[in-house]
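Structural description and commentary
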Amino acid sequence: MTAAAATAHGPAAPAPRTRTGGPDEGSDLLEHVLGWALVVLVAVLVTRLGLL
């Protein structure tokens, strides 16, 4: 391939971003509520077991 042939088609188009199978963005509220519920659950278990 020559330099002229490589530049004749112009710059390569950027590759489309691939999805990794993770959750869609926009579920921030549910994520925060479940996270705080987990924090409270761990705190209750720690105090009930007398670990603190």
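Everything below is about the structure printed above this text.
Residues numbered from 1 in each chain as written. Predicted model: local features only at pLDDT ≥ 70, side-chain atom pairs only at ≥ 80, totals over all residues. Heavy atoms only, no water.

**Observations regarding the overall build of the chain**
Secondary structure assignment for the chain yields 2 helices and 0 strands. The buried share of the chain, taken over its 52 residues, is 0%. (Helix = DSSP H or I, 4+ residues; strand = E, 2+ residues; numbered from the N terminus. Buried < 20%, exposed > 50% of the residue type's maximum accessible area, 1.4 Å probe, protein only.)

**With respect to helix α2 (residues 28-48)**
A rise of 1.5 Å per residue sets the reference length of α2, with its 21 residues, at 30 Å; its end C-alpha atoms lie 30 Å apart and thus fit the reference within 8%. Glycine 50 sits one or two residues past α2 and shows a positive phi near 70°. (Expected span 1.5 Å × (residues − 1).)

**Considering the environment of valine 46**
You can see valine 46 is positioned in helix α2. Since its relative accessible area comes to 26%, valine 46 is described here as partly exposed. If sequence neighbours within four positions are ignored, valine 46 has contacts with Leu51 and Leu52. (Contact = heavy atoms within 4.5 Å.)

**Let's talk about a nonpolar patch on the surface**
A cluster of nonpolar residues, Leu38, Leu41, Val42, Leu45, Leu49 and Leu51, forms a patch on the protein surface that exposes about 620 Å² of accessible area. According to the relative accessible area criterion, leucine 51 is exposed, its value standing at 64%. (Patch = residues over 30% accessible without salt bridge, like charges linked within 9 Å, V, L, I, M, F, W, Y side chains within 5 Å. Areas by Shrake-Rupley, 256 points an atom, 1.4 Å probe, with all protein chains shown as cover. Salt bridge = Lys/Arg side-chain N within 4 Å of Asp/Glu carboxyl O.)

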